[in-house]
Structure formats: structure tokens, C-alpha cells
Amino acid sequence: MANTSSAKKNVRKMARKTAVNKARRSSVRTFLRRVEDAITAGDKTAATAALKDAEPAMMRAVSKGIFHKNTASRKISRLNKRVKAIG
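Residues numbered from 1 in each chain as written. Predicted model: local features only at pLDDT ≥ 70, side-chain atom pairs only at ≥ 80, totals over all residues. Heavy atoms only, no water.

It is worth spelling out the overall build of the protein at this point. Summing up its helical and strand segments, the protein has three helices and zero strands in all. Along the protein, helices and strands appear, N-terminal first, in the series α-α-α. For the protein, the proportion of contacts with a sequence separation of at least 24, taken over those separated by at least 6, is 55%. Accessible surface computed for the protein: about 6,300 Å², of which carbon and sulfur atoms make up 52%. (Helix = DSSP H or I, 4+ residues; strand = E, 2+ residues; numbered from the N terminus. Contact = heavy atoms within 4.5 Å. Areas by Shrake-Rupley, 256 points an atom, 1.4 Å probe, with all protein chains shown as cover.)

Rendered as C-alpha cells:
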């Protein structure tokens, strides 16, 4: 356990940041899941709309340091490819 006051403060800060990051990551995963569900259902219009919502959310997470830039780009690219293949 933390001994110094600064170490205790850092523990508190980490707990807050972890909670925020967890919520943001969960939100992005929800956006991605909506795209996946639309792709599975075969609904191209819904999938395209969901992808348009998911892409900025994913890039926002990148700017906050939750995901690596290449990871986000890879996921968006693969989803885009799958959405285009519908129909």
C-alpha cells in the first residue's frame, strides 16, 4: 500500500482515471457492437449509419489514449470492408 501522501494521491487519481477510461472503452465497444449487429442482420443502411457513429467515437478514444491509433484504424477499416460487402 502507498506510504507517502503523494503516492496515496496518485492511487486516488489512478482510480478516477481508470473508471473514466473504462466507461469510455465500454461506450466505444457498444458503438462497435451496433455495427456488428447490423452486419449480422444484413441491413446495409443500418450498418452504414452505425459505422458513421462508431468511427468518430473510436477516434475520440484514440485521442484520449484509450486505444492505439493503428488499432482503431484497423478496426474501422475491417468494419468498413464488411459493411461494403453486404448486399
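For the rest of this paragraph, the subject is the pattern of salt bridges. Evaluated as defined, the whole model comprises one salt bridge. Residues Glu-36 and Arg-82 are paired through a salt bridge, measuring 3.0 Å at the closest nitrogen-oxygen approach. With a gap of 46 residues between them, Glu-36 in helix α1 (residues 5–41) and Arg-82 in helix α3 (residues 69–85) connect regions that are remote in the sequence. Looking at Glu-36, the relative accessible area reads 30%, which means it is partly exposed. (Salt bridge = Lys/Arg side-chain N within 4 Å of Asp/Glu carboxyl O. Buried < 20%, exposed > 50% of the residue type's maximum accessible area, 1.4 Å probe, protein only.)

The final tally for this structure, using the stated rule, is zero aromatic pairs. Lying across the ring of Phe-31, Arg-34 places its NZ or CZ 5.3 Å from the centre. (Phe/Tyr/Trp six-rings, centres within 6.5 Å; stacked < 30°, edge-to-face > 60°. Lys NZ or Arg CZ within 6 Å of the ring centre and 35° of its normal.)

A separate point is the packing of α1 against α3. How two helices sit against one another is set out by the angle between their axes and by the gap between those axes. At a minimum axis distance of 10 Å, the contact between α1 and α3 shows a crossing angle of 20 degrees. With respect to α3, the axis of α1 lies roughly parallel. The element α1 and its partner α3 pack so that their crossing is left-handed. Across the interface between the two elements, Leu-32, Val-35, Glu-36 and Ile-39 from α1 touch Lys-75, Leu-79, Arg-82 and Val-83 from α3. Residues that form the contact of α1 with α3 fall into these classes: five nonpolar, no polar and three charged. (Axes fitted to C-alpha atoms, helices over the stretch in contact; angles between N-to-C directions. Parallel < 35°, antiparallel > 145°, perpendicular 65-115°, else oblique. Left-handed = near helix turned anticlockwise from the far one by under 90°. Nonpolar A, V, L, I, M, F, W, Y, C, P; charged D, E, K, R; others polar.)

A few words on α3. Counted at 1.5 Å a residue, the expected span for α3 with its 17 residues is 24 Å, and the 24 Å between its end C-alpha atoms agrees. Among the residues of α3, Ala-72, Ile-76, Leu-79 and Val-83 are the ones counted as buried. For α3, the angular spread of buried residues about the axis comes to 70 degrees, placing them on one side. α3 presents Asn-70, Arg-78, Lys-81, Lys-84 and Ala-85 as exposed residues on the side facing more than 90 degrees away from its buried surface. Of the residues trailing α3, Gly-87 is marked for its positive phi of about 90 degrees. (Expected span 1.5 Å × (residues − 1). Arc of directions from axis to C-beta.)

Bear in mind that shape data such as this cannot, by itself, settle questions of function.
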